[in-house]
There are 2 protein chains.
Amino acid sequence: VARRLIECVPNFSEGRDAAVVAAILNAISSVAGAAVLAHESDPDHHRSVITIAGSPDAVAEAAFRGVAEAVRLIDLNRHSGVHPRIGAADVVPFVPVDGVGMAECVEIAHRFGERVWRELKVPVYFYEHAARTAARRRLENVRRGRFEALREAALHDAERQPDVGGPGLHPTAGAVAVGARKFLLAFNINLTTSDVSLAERIARRIRQSSGGLPHVKAMGVLLSSRNLAQVSMNLTDYEVTPLHVVYEAVRREAESLGVRIAGSEIIGLMPAHALAMAAAHFLQCENYSSEVLLEGRIASKMVDCGV
Amino acid sequence: VARRLIECVPNFSEGRDAAVVAAILNAISSVAGAAVLAHESDPDHHRSVITIAGSPDAVAEAAFRGVAEAVRLIDLNRHSGVHPRIGAADVVPFVPVDGVGMAECVEIAHRFGERVWRELKVPVYFYEHAARTAARRRLENVRRGRFEALREAALHDAERQPDVGGPGLHPTAGAVAVGARKFLLAFNINLTTSDVSLAERIARRIRQSSGGLPHVKAMGVLLSSRNLAQVSMNLTDYEVTPLHVVYEAVRREAESLGVRIAGSEIIGLMPAHALAMAAAHFLQCENYSSEVLLEGRIASKMVDCGV
């Protein structure tokens, strides 16, 4: 039996009260076959992001327990933060990792959303690959107006009705945006300059929103601790636009502006295949595929044991 | 509980009789927690190589069952092949993969060797990291004279006594060389020429045996199917001399001879970290470590389940 792995990265609208975050983490950690890979709380955003991985059923169960705890403990009426949000459990994306396709993650998201409404009475919007209408593919559209405006719109505006549940939102927990999306790589490239306008120009040239590379989001920022300008990027489909394509594009644009790449950094975790694809490119490897990765081969040959 | 993985790559002196190879594979496959990743039989060498991976105890048990079956079925007195060998089960190297160090693989090798003698009455020589004397670190020294000469020497020559068991060898199964070694990468680089003498010159310049890169074995060969000269390499410690160092060295030497790299190929499996190290080099990544690899993080966080 081959290994089947997904990831889920729920975002919760609590980034200040450590006891609430701990309760959510405890609920998530109580499921065998799912593991918390990372969690991060931001007091300014008043938001916590938890990364769960494991077998599909276990991850969905763990995420559900986390959402239930958030619904119980978080009151959006008393929440403010710089980050847009519509729910106590704000977004719940399911991400294929290994042996599971996007279609299955969409099904997991849909079943998850039905359960959230059925058991918690919190309405659900589906986004990205799980969206049921084109307009809801983009999370920004789903979250437009945030909790405060959406609770009115969800009562009166036909176009803003939840996909599951309603009418209206949950009085304290709002709604949950449940999605399915690809693995997101966070990758930053530092330039040999402190002129942030150069990083901004490069970001504009390479990002999809201004006609650049598909599935690349980019902005220029100043790394004040090192006085270096940085092109900060998200790659939302690294198989379509891999790391090395982004690196080479930034290098070319930087050279055209008379600066060079000082270095790069990986934020968070990366699938081995994302880095191995880049290695294969630079090594001119003719026969690379993810099949050559030892750990993946081992995992795929092992008896499935809930992992 | 973190994941603990080793590999074992036993070589058996049977590459022609499919029934014997199947019996050995069946014995190896009967152990839960160990998996056969690959196997290859070569009729010219009259030899089969089987790659097993899994938890240390399971892999050692699987390898033992394979050796026992080989001892039962293979008679070296009726065996000839171009490859040097001293035993029905000729070499049994244990290789650290994840969460297990070389010192532990040496212990595994030693316990394995004691058991082979105790239960099968086949004497054992320890080599590479498991060697008990400097002279036996190199497998070539252990196998000198092959089965035919060693069975005499093991009776009369004090320097050729087995590390465990003896005096003399097993009458039909000979002896087993049991070792512990690092993961071996097989990596070939093709040149934009059919002149194999150029590949041979590059191989001489980069390999350790002629003063080149540590832990690199290299030879020049002609890829007759494509009429390309190839530098064919084994990297016996990819953390000391990584893929990108080898690639850059071959590129430099090739350019100095007026040719270029046409492409490269990976033979067999590679640990994700080996390729990711190369990616990090070419991407100028400042913060790469194997900790960023998603699959490794997942595995290390999962409850141990015999894998």
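Just above sits the structure.
Rules used throughout
Residues numbered from 1 in each chain as written. Chains lettered and ligands numbered in written order. Predicted model: local features only at pLDDT ≥ 70, side-chain atom pairs only at ≥ 80, totals over all residues. Heavy atoms only, no water. Helix = DSSP H or I, 4+ residues; strand = E, 2+ residues; numbered from the N terminus. Rg over C-alpha atoms; globule rule 2.2 N^0.38 Å. Buried < 20%, exposed > 50% of the residue type's maximum accessible area, 1.4 Å probe, protein only. Contact = heavy atoms within 4.5 Å. Areas by Shrake-Rupley, 256 points an atom, 1.4 Å probe, with all protein chains shown as cover. Lys, Arg positive; Asp, Glu negative; His and termini not counted. Charge placed at Lys NZ, Arg CZ, Asp CG, Glu CD. Least-squares fit on C-alpha atoms with pLDDT ≥ 70 in both. Axes fitted to C-alpha atoms, helices over the stretch in contact; angles between N-to-C directions. Parallel < 35°, antiparallel > 145°, perpendicular 65-115°, else oblique. Nonpolar A, V, L, I, M, F, W, Y, C, P; charged D, E, K, R; others polar. Buried area = accessible area lost by both parts, 1.4 Å probe. Salt bridge = Lys/Arg side-chain N within 4 Å of Asp/Glu carboxyl O. Polar contact = N/O pair within 3.5 Å; in protein donor to acceptor, adjacent residues only side chain to side chain. Pairing = 2+ DSSP bridges.

> Just checking my understanding: could you explain the overall build of chain A for this structure?
Along its length, chain A carries 9 helices and 11 strands. The globule rule puts the C-alpha radius of gyration for 307 residues at 19 Å, and the 20 Å found for chain A is close to it. Across the 307 residues in chain A, those meeting the buried criterion constitute 56%. Sequence-distant contacts in chain A: of pairs separated by 6 or more residues, those separated by 24 or more amount to 72%. Entry remark: accessible area of chain A is about 12,500 Å², with carbon and sulfur atoms responsible for 49%. Chain A carries 34 positive and 35 negative side-chain charges, and their two centres are separated by 3 Å.

> What should I look at first to understand the relation of the copies chain B and chain A in this one?
The pair of chain copies shares a relation made of a rotation about an axis and a shift along it. If you rotate chain B by 180° and push it 0.0 Å along the axis, it lands on chain A with an RMSD of 0.1 Å. In short, the pair behaves as if placed about a two-fold rotation axis. Judged by C-alpha distance, Ala279(B) is the residue of chain B that lies nearest the rotation axis, at 2.1 Å. The fraction of interface residues of chain B whose copies in chain A are also interface residues reaches 100%, indicating that both copies meet through the same surface.

> Got a minute to help me understand the packing of helix α7 (residues 243–256) of chain A against helix α8 (residues 272–282) of chain A in this structure?
The relative placement of two packed helices is expressed as an angle between their axes plus a distance between the axes. Residues and elements named next belong to chain A. Axis separation between α7 and α8 bottoms out at 8 Å; the angle between their running directions is 60°. With respect to α8, the element α7 is oriented oblique. On α8, the residues touching Leu243, His244, Tyr247 and Glu248 of α7 are Ala274, Leu275, Met277, Ala278, His281 and Phe282. Residue composition of the contact of α7 with α8, by class: 7 nonpolar, 2 polar and 1 charged.

> Which parts of the structure should I look at to understand the interface of chain B and chain A?
By convention, interface size is frequently given as the accessible area that disappears when the constituent parts associate. Chain B puts 51 residues into the contact, and the matching count from chain A is 51 residues. Between chain B and chain A the total buried area reaches about 4,500 Å² when both faces are included, carbon and sulfur atoms providing 66% of it. By the criterion of area lost to chain A, the three top residues of chain B are Leu283(B), Leu294(B) and Met302(B), representing 16% of everything that side buries. Seen at the junction of chain B and chain A, the total is 2 salt bridges. Salt-bridge contacts for Arg226(B) lead to Glu286(A); the nearest nitrogen and oxygen are separated by 2.9 Å. Taken together, chain B and chain A are joined by 26 residue pairs in polar contact (both at pLDDT 80 or more). Here the side of chain B that touches chain A is built from residues that sort into 33 nonpolar, 9 polar and 9 charged.

> Looking at this structure, how should I read the sheet that holds strand β11 (residues 261–267) of chain B?
The pairing of strands in a sheet comes from backbone hydrogen bonds and takes either a parallel or an antiparallel form. Residue and element names in this part refer to chain B. Read across the open sheet, the 4 strands follow the order β9-β10-β8-β11; overall the sheet is antiparallel. Looking at strand neighbours, the two that pair on one side only are β9 (216–223) and β11, the edges of this open sheet. Taken over all neighbouring pairs, the strand axes of this sheet differ in orientation by 20° on average, direction set aside. Direction of pairing for β9 relative to strand β10 (residues 228–235): antiparallel, over a ladder of 8 bridges. Pairing of Val216 across the sheet is with Leu235, part of β10. Contacts between helix α6 (residues 196–206) and the sheet are confined to β8 (185–191), β9 and β10, with β9 contributing the most and set at about 180° to the helix.

> Quick question: what am I supposed to make of the side chain of Asn190(B) here?
Looking at the element boundaries, Asn190(B) is found in strand β8. Residue classification places Asn190(B) among the buried positions, given a relative accessible area of 0%. Reaching out from Asn190(B), the side chain makes a polar contact with the side chain of Gln230(B) at a distance of 2.8 Å. Here Asn190(B) is in contact with Glu286(A), Leu223(B), Arg226(B), Leu228(B), Ala229(B), Gln230(B), Arg260(B), Ile261(B), Ala262(B) and Gly263(B), once residues within four sequence places are set aside.

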